[in-house]
Amino acid sequence: MAQAEIGLIGLGTMGSNLALNIAEKGHRIAVFNRTVSRVDAFKADAGQLADRIVPCHSMEELAAAIRPPRPIILMVVAGKPVDEQIAALRAVLSANDIIIDAGNADFNDTRRRFAELEGSGLTFIGMGVSGGEEGARHGPSIMVGGTEQSWKRVESVLTAISAKYEGEDCAAWLGTDGAGHFVKTIHNGIEYADMQMIAEIYGVLRDGLGMKAKEIAPVFAKWNKGRLNSYLIEITAEVLAVDDPKTRKPIVDVILDRAGQKGTGKWSAIEAQKLGIPATAIEAAVAARVISSLKGEREAAEKAYGKARKVKLDTSQAALLKDLELALFAGKIAAYAQGFAVMDAASRTFGWNLPLPTISKIWRAGGIIRSQFLGQIADSFAGDKVDNLLMAPAFIEMMKKSHPSLRRIVAFCAEAGLPAPALSSALAYFDGYRQARGTSNLIQAQRDFFGAHGFERIGEQGAFHGPWGGEG
Ligand SMILES: NC(=O)c1ccc[n+]([C@@H]2O[C@H](COP(=O)([O-])OP(=O)(O)OC[C@H]3O[C@@H](n4cnc5c(N)ncnc54)[C@H](OP(=O)(O)O)[C@@H]3O)[C@@H](O)[C@H]2O)c1
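A. A look at the overall build of the protein. Looking only at helices and strands, the protein features 20 helices and 10 strands. Here the C-alpha radius of gyration of the protein, 25 Å, is about what a compact globule of 472 residues would show, namely 23 Å. The C-alpha extent of the protein, read off along each of the three principal axes, is 80 × 65 × 45 Å. Counting the 472 residues in the protein, one finds 51% classified as buried. Accessible area of the protein: about 22200 Å², with a carbon and sulfur share of 53%. Counting 54 positive and 53 negative side-chain charges, the protein places the averaged centre of each group 4 Å from the other.

B. Region of the structure containing the packing of helix 8 (residues 179–208) against helix 10 (residues 231–240). The N-to-C vectors of helix 8 and helix 10 enclose an angle of 45 degrees; their axes lie 11 Å apart at closest approach. Taken together, the axes of helix 8 and helix 10 lie oblique to each other. Handedness of the helix 8/helix 10 crossing: right-handed. For the pair formed by helix 8 and helix 10, the contact residues are Asp194, Met195, Ile198 and Tyr202 on the first element and Leu232, Ile233, Thr236 and Leu240 on the second. Along the lines of polarity and charge, the residues of the contact of helix 8 with helix 10 split into six nonpolar, one polar and one charged.

C. Structural view of the pattern of salt bridges. In total, this model carries 29 salt bridges according to the counting rule given. Note that glutamate 84 is salt-bridged to lysine 80, the shortest N-O span being 3.4 Å. Within this pair, glutamate 84 and its partner lysine 80 are both found in helix 4 (residues 80–90), separated by four residues, close to a single helical turn. Look at glutamate 84 and you get partly exposed, because its relative accessible area is 42%. Where salt bridges share partners, they join Asp83, Asp101, Asp109, Arg112, Arg113 and Glu116 into one cluster.

D. Quick look at empty space enclosed by the protein. Under the definition given, this model contains one cavity of 30 Å³ or more. When its volume is computed, the largest cavity comes out at roughly 50 Å³. Taken together, Ala337, Phe340, Ala341, Asp344, Leu356, Phe381, Lys385, Val386, Asp387, Asn388 and Leu389 make up the full set of residues lining the largest cavity. Counting residues per element, the lining of the largest cavity draws most heavily on helix 15 (residues 317–350), which supplies four residues.

E. Region of interest: the site of the ligand. As a structural note, the neighbourhood of the ligand is formed by 21 residues, with Thr13, Met14, Asn33, Thr35 and Arg38 the closest of them. Within the side chain of arginine 38, one N or O atom sits 2.5 Å away from an oxygen atom of the ligand. In this structure, an oxygen atom belonging to the ligand sits 3.0 Å away from a main-chain N or O atom of asparagine 104. Protein contacts shield 77% of the accessible area of the ligand, which totals 900 Å² for the unbound molecule. Contributing elements (two or more residues each) for the shell around the ligand: helix 1 (13–24) and helix 4. With three residues, the single largest contributor to the shell around the ligand is helix 4. Here the shell around the ligand is built from residues that sort into eight nonpolar, nine polar and four charged.

Criteria and thresholds
- Residues numbered from 1 in each chain as written.
- Predicted model: local features only at pLDDT ≥ 70, side-chain atom pairs only at ≥ 80, totals over all residues.
- Heavy atoms only, no water.
- Helix = DSSP H or I, 4+ residues; strand = E, 2+ residues; numbered from the N terminus.
- Rg over C-alpha atoms; globule rule 2.2 N^0.38 Å.
- Buried < 20%, exposed > 50% of the residue type's maximum accessible area, 1.4 Å probe, protein only.
- Areas by Shrake-Rupley, 256 points an atom, 1.4 Å probe, with all protein chains shown as cover.
- Lys, Arg positive; Asp, Glu negative; His and termini not counted.
- Charge placed at Lys NZ, Arg CZ, Asp CG, Glu CD.
- Axes fitted to C-alpha atoms, helices over the stretch in contact; angles between N-to-C directions.
- Parallel < 35°, antiparallel > 145°, perpendicular 65-115°, else oblique.
- Left-handed = near helix turned anticlockwise from the far one by under 90°.
- Contact = heavy atoms within 4.5 Å.
- Nonpolar A, V, L, I, M, F, W, Y, C, P; charged D, E, K, R; others polar.
- Salt bridge = Lys/Arg side-chain N within 4 Å of Asp/Glu carboxyl O.
- 1 Å grid on protein atoms, 1.4 Å probe; cavity = no way out; pocket = protein on both sides within 12 Å on 5 of 7 lines; lining within 4 Å.
- Points joined across faces, edges and corners; volume = space filled by probe spheres on them.
- Near = heavy atom within 4 Å.
- Polar contact = N/O pair within 3.5 Å; in protein donor to acceptor, adjacent residues only side chain to side chain.

Set out below in structure tokens:
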């Protein structure tokens with residue numbers, strides 16, 4: 001039997017779909033899974049693609065089934081399992097083989113694994129994959145970190161299986177070692193912010209305007225035809241329109257309001273803090289999921305403080321709907337500006353030279369935050385260098401049109417007692433960013449007063465101390 005061109009370990013949701021995608025693109029693929037019974041079951045279910053699937057029942061069999069130099073994709077639970085699989089692979093692989101970790105790894109782990117494999121003769125790639133089950137099967141967005149030479153060796157298969165946006169591959173090499181996993185982490189952080197802001201707007205429609213799920217669905221469907229056009233808005237409209245077969249109520253009304261959070265959202269916030277870059281909308285989205293998980297405490301607090309109050313609208317419902325659309329758009333711009341600023345800082349810190357226009361391009365299809373909006377971001381970063389997306393000329397125009405609406409919606413939420421943590425953080429970030437004379441002069445004075453930290457004076461060089469306690 002001919003040897004396979006590539007191998008894959010981990011036939012869970014993502015791995016099995018990715019393997020089928022690879023086989024469909026004409027590649028022979030050898031597969032292995034910790035629970036070995038899944039291997040034969042996978043081949044048996046592969047239908048017409050079964051001929052291209054080589055089932056392996058041990059690591060040794062897997063290594064023997066692939067033509068050297070062997071590229072092997074790991075699609076297992078992130079963390080310790082990845083280290084265990086790498087250790088097991090080292091025993092059966094030989095020089096120039098490539099281990100590709102395609103799970104949602106913490107990029108710090110990816111950097112460590114690169115360091116650990118250095119000198120082993122093996123090559124390592126850290127690869128972010130976005131798009132969930134459907135993306136893995138039919139075309140995900142693929143973010144690759146590693147040496148450029150290692151990318152060249154797997155480029156053709158990875159671009160073949162990736163999503164396409166108007167014919168362009170949504171897969172790219174982004175930089176060395178942890179670059180791919182870092183970019184995927186920030187992608188997910190932005191995804192958290194995007195989803196949270198959509199949920200906050202849904203909250204205004206449901207609790208502020210008293211609209212039912214079936215009435216809200218067409219609002220999102222209409223927005224999906226305009227500036228907010230994106231996969232997340234599209235599925236929001238779809239989800240809101242679906243009934244629960246058991247109760248015949250809208251399914252969203254029977255789903256518990258408690259969302260979990262896995263690694264990547266939290267990691268985005270942590271890495272942003274470490275790099276000293278504000279990513280407040282992303283942090284707010286992570287915190288909102290944590291608050292959502294405190295269901296019992298929230299119920300007790302509502303009893304203690306009372307519900308959000310009804311606010312009389314001083315505009316028409318149509319005007320409020322327009323404001324909501326623009327508020328969501330302005331919030332989204334600020335959240336994406338934060339995510340890209342974090343990547344820009346990481347790029348400098350880790351020497352990656354991250355190509356921001358390419359990153360926005362490969363996110364346009366396949367991944368969860370896919371949208372045409374990302375094309376506008378790509379265009380802006382491809383133009384004259386800007387420090388922040390908020391300073392790109394096209395975005396200045398968009399933000400000028402939309403931030404007054406964000407302001408009105410955040411004010412409406414504050415007045416009514418409706419939580420809007422991501423939208424209000426986005427607004428505060430924008431207002432802080434565009435204020436030439438801020439208030440940290442006072443903070444500098446306070447710090448000098450209690451800790452003799454010194455301060456700078458306007459228009460003068462050097463460090464100064466204040467005349468505190470009567471001293472000059
Ligand atoms: N689901 C998504 O939408 C999505 C999107 C992007 C990225 N990811 C990432 O992709 C990776 C896989 O996710 P998934 O959703 O496919 O997970 P999954 O369906 O739960 O599958 C997990 C896979 O990992 C294997 N595994 C678990 N612990 C292991 C261990 N200690 N040693 C060896 N193998 C082990 C499992 O093998 P057994 O069959 O033996 O249990 C299974 O093949 C994760 O890093 C995830 O974060 C997921």
